[in-house]
Amino acid sequence: MAYLEDFEKLLKERCHQNEVPGCTAACPFRLNIKDIIAKLKKGRFNAAHRVFQNTVGFPAIVAAACDRPCREKCMRNAADAAVDLHALEQAMCRYATRKDPNAYNLPARAERVAVVGAGISGLACALLLCNKKYQVTVFEKSDHIGGSLRDAMDAQLFDEDVQRQFQYEKYECVLSHEVRSIEELAAFDAVYVATGAQADGLGLAASGTGAFATDVPGVFFGGSMRGRTHMQALSDGLLASRAIERYLKTGLMNQPEEEADARFAADPSRYQKKEPVLAANGRYYTEEEAVREAERCELCSCDACMRACDLMRHFDKTPRRIYEEVYVTIRPGTLSRDGTMATRLISTCNRCGVCRSVCPEHIDFGAFFEKSMEEMKKKGAMPWAFHDFWLRDMAFSNGEAACTVLPPGKTEYLFFPGCQLGASDPAYVSRTYAWLREELPGTALHLSCCGIPAQWAGEQELHKAVTDGITATWERLGRLVFILSCPTCMRSFDRYLPGIRWISLYELMAERPSAPALAACREPLAVFDACAAADHPQVRTAVRQVLQKAGIPYEEIPHEDGSLPCCSFGGHAGIAAQRYSERVIERRAAETDRPIVAYCANCRDSFASKEKEAVHILDLLFGLNAGKRPAPTVTERRKNRIRLKRELARVYLGEEPQEEETMKLYISEELKQRMSADLILESDVAEVIRRCEEEDRKLMDPQNGHFIGHKKIMNMTYWTEYLPKEDGFEVFAAYAHRMSLEAEDTKNG
Amino acid sequence: MAEDRKLICHRCGVELVPVKTFFNYLGHNFNTELPACPKCGEVFIPESLVRGRMTAVEQELEDK
């Protein structure tokens, strides 16, 4: 399971989601601007001021004198104008009512620290060391504190802020005393030298071992003497106090240098224009103006995946959070029972690949979920119910509904429509195949599933068995070129059957003049690209060429960063996360007012399930269905496949297969729809009734004479309420549960 | 469908009575009282119970 560690490393090194925005990275204090803005947006001036004070040491001085490097890094510059953080800092200082510093009640420490230079850098260092109760002595050459910054600004404001911040602290200040050599300070345990831009720095040199460290043990330096601006000098003083404290505790001068680098860039094109707020009095913001200006801040962070990925957006989870939840699910550690908090989440990914396509570093959460699904399967920790229905459906496609047509003579191509095209409408396959037989005589056909349901379920062995079966068919039929129509099959073939050469049906249609074009369509349709077509731009182009040739007007659906999100069918997430899946297709449907044209039957049927007008491109080309065709029920999807197989056998194999005797069921339209939503097949209901009747295991309601009974089929237990009719049964209710009756299990042996 | 339906077992011809019934799902075992035939044990689970409490318990166990 090293993939977990590998993924964590990947996130740590390359995911930008947790990184600070450009403004904070540019700030000498690495001020948590997003935190401050969030507080200001709520009008919490005291709370915002506290963060500001704790970070910069001297808030009034910084609010007055900062040279605002954050301004040019603000993402709003590209949209309108930078957020005026400078004015907001001043507003915090003006409107906060609790500005006194915290009084720290700590025991005094014996270590003595000398600070050489009472400029802003030295004062900052002294302030934090005093907070920790070290014995601090400040030496200043001139007769007053403040250095060059005090000279450059309102001296009264400077003095007041220094006085306020030091009000609870005691330190010795030796004015008019020039320290001429470090040796003079031998009685001190540590020294911070910040003697300003004009000073010689007492002949100290950087040791290179850590931040602010000189080549003399215990002696650190920083500030303007090292070419820093006033604000950088202040920041140096604050940070140097930590390096000194580390030295006093450990004897080491190896405080790491702070790195300030914002690697991500937000996309300002999606920012709404918000005009900068100007102070009505021309000098400073009112509280209300400050809040309005704070509201212009987008609190930007790299959220490309969280914006584009339906799962991250719906569950409001950061990449890191997802990783952590999956980690404790796969590796519950020493918990007495599995802490499997992400079991359902792992089964909820649509495997659309949007996360990878929008991530600046192409981090692939789909692959991470896929691997996690395999691990959960191996552990036997993934509830079978999440994928049971679709695995049964795959077995049906590759069993009862499978069929091969191999015309005599030489052949080069094999049409592989996949399992769901004929399930949606048998004519999609039969009409396409008829056209192919005219266009490319000798084209063979093979009806089966590409195996993706097993892959999505994490069933590795089963998946391999299916793909091995396809390879065997390909070998047996003479290594034909496959014609694929389903985008998921295309993705599946690329990944798991790379030896098989394939071409998409739509490329064939685009390049042939005789392509069918029966559509009579005046209103433009919106082309919905299947998520699996993301890997195949040539297929997307071909689909548009086919539409153009057929004279069908169409429009694009704009998606952020050109990503192709899923219709909700992908990953078969609908069982584990029904509500989520419904939200996804509703969101997709709302992305355009136009009716949809899809080239994946599952996309078409997903839209139809939400009563969004949608056609398959083959509907248009062969004049088949109108856009309002409802999504077939799960039973119809099976019947359609059997119907298709029978038709192909009749037309191409000259066979007249006997219609299988099936139980006649009378089911209301409403119940049919509910059964389909619950993934209950009419054949499941028939099996229950057969058991009830044959074994006389049934209950009776004397009031209406209805029979009620149940049967466990595979893992599910199905119930039905029915009444015999002359030639069949009328069904009044059908429902199913996942938990098993224990008596049932014993009985079934 | 009303849950208090008085059903009879077709085979035994007797009315169902509450019987402690055992279930299992994902390795967890639990029981509840459900109407069942006192003779042959044929049990009845009403649709409302399946769609309500049973689904909730199933989901809890899946998320556990």
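Residues numbered from 1 in each chain as written. Chains lettered and ligands numbered in written order. Predicted model: local features only at pLDDT ≥ 70, side-chain atom pairs only at ≥ 80, totals over all residues. Heavy atoms only, no water.

Enquirer: Even after reading the chapter, I still don't get the pattern of salt bridges, so can you show me in this structure?
Expert: Where charged atoms of side chains with opposite charge meet at close range, the side chains can pair. Residue and element names in this part refer to chain A. Taken as a whole and judged by the stated rule, the model has 68 salt bridges over all chains. A salt bridge links Arg228 to Asp236, with the shortest nitrogen-to-oxygen separation between them at 2.9 Å. With its nearest N and O atoms 3.6 Å apart, the salt bridge here joins Glu375 to Lys378. Of the two residues, Glu375 and Lys378 both sit in helix H18 (residues 365–379), three residues apart, roughly one turn of that helix. For Glu375, a relative accessible area of 8% puts it in the buried group. (Salt bridge = Lys/Arg side-chain N within 4 Å of Asp/Glu carboxyl O. Helix = DSSP H or I, 4+ residues; strand = E, 2+ residues; numbered from the N terminus. Buried < 20%, exposed > 50% of the residue type's maximum accessible area, 1.4 Å probe, protein only.)

Enquirer: Explain the sheet that holds strand S8 (residues 444–447) of chain A here, please?
Expert: Strand pairing within a sheet occurs via backbone hydrogen bonds; the two strands may be parallel or antiparallel. Residue and element names in this part refer to chain A. The strand order across the open sheet built from five strands is S6-S8-S7-S9-S10, with neighbouring strands paired in mixed fashion. Each of the sheet's edge strands pairs with one partner strand only, and the pair in question is strand S6 (403–405) and strand S10 (502–504). Taking the axes of each pair of neighbouring strands and ignoring which way they run, one obtains an average angle of 20 degrees across the sheet. Pairing geometry for S6 and S8, over three bridges, is antiparallel. Paired with Thr404 across the strands is His446, a residue of S8. (Pairing = 2+ DSSP bridges. Axes fitted to C-alpha atoms, helices over the stretch in contact; angles between N-to-C directions.)

Enquirer: Explain the domain arrangement of chain A to me, please; I cannot follow it from the model alone.
Expert: Think of interface size as the accessible area that goes away when the parts come together; that is how it is often given. You can read the domains of chain A as domain 1 (20–99 + 267–294), domain 2 (112–250), domain 3 (304–383), domain 4 (386–557 + 592–645) and domain 5 (665–748). Centre-to-centre, using C-alpha coordinates, domain 1 of chain A lies 55 Å away from domain 4 of chain A. (Domains from an automatic or database assignment.)

Enquirer: Can you walk me through helix H8 (residues 120–131) of chain A in this structure?
Expert: Counting along an α-helix, one turn takes 3.6 residues, and residues three or four places apart therefore face a common direction. Residues and elements named next belong to chain A. Across its 12 residues, H8 extends 16 Å between first and last C-alpha, which sits within 8% of the 16 Å expected from 1.5 Å per residue. Buried residues dominate H8, accounting for 11 of its 12 residues. Within the sequence span of H8, burial applies to Ile120, Ser121, Gly122, Leu123, Ala124, Cys125, Ala126, Leu127, Leu129, Cys130 and Asn131. Among the residues trailing H8, Lys133 stands out with phi positive, at a value near 70 degrees. (Expected span 1.5 Å × (residues − 1).)

Enquirer: I would appreciate a short explanation of the interface of chain B and chain A in the present structure.
Expert: If you look at the interface, chain B gives 33 residues, while chain A gives 37 residues. With both sides pooled, the region where chain B packs onto chain A buries about 3200 Å², and carbon together with sulfur makes up 53% of that total. Three residues stand out in chain B for area buried against chain A, namely His10, Glu42 and Glu62 of chain B, and they jointly supply 20% of the buried area on that side. Between chain B and chain A we count nine salt bridges in total. Residues Arg697 of chain A and Glu42 of chain B are paired through a salt bridge, measuring 2.7 Å at the closest nitrogen-oxygen approach. (Contact = heavy atoms within 4.5 Å. Buried area = accessible area lost by both parts, 1.4 Å probe.)

Enquirer: What is the right way to look at the packing of helix H1 (residues 2–14) of chain A against H18 of chain A in this model?
Expert: Packed helix pairs are specified by the crossing angle of their axes together with the interaxial distance, meaning the distance between the axes. Residue and element names in this part refer to chain A. Their axes nearest at 11 Å, the elements H1 and H18 cross at an angle of 160 degrees. As summarised for this structure, H1 and H18 are arranged roughly antiparallel, according to the angle between their axes. When the axes of H1 and H18 are compared, the crossing they make is left-handed. Taking contact as the criterion, the partners of Tyr3, Leu4, Phe7 and Leu11 in H1 are, on H18, Phe365, Phe368, Lys371, Ser372 and Glu375. Looking at side-chain class alone, the contact of H1 with H18 contains six nonpolar, one polar and two charged residues. (Parallel < 35°, antiparallel > 145°, perpendicular 65-115°, else oblique. Left-handed = near helix turned anticlockwise from the far one by under 90°. Nonpolar A, V, L, I, M, F, W, Y, C, P; charged D, E, K, R; others polar.)

Enquirer: Honestly, the sheet that holds strand S15 (residues 665–667) of chain A in this entry has me stumped. Any pointers?
Expert: With mixed pairing, six strands are arranged side by side in an open sheet as S15(A)-S19(A)-S18(A)-S17(A)-S16(A)-S1(B). Lying at the two open borders of the sheet, with one neighbouring strand each, are S15 of chain A together with strand S1 (8–9) of chain B. Most of the contacts of helix H32 (residues 682–695) of chain A go to strand S17 (residues 707–713) of chain A, to which it runs at about 115 degrees, and overall it touches S15, S17, strand S18 (716–725) and strand S19 (728–737) of chain A.

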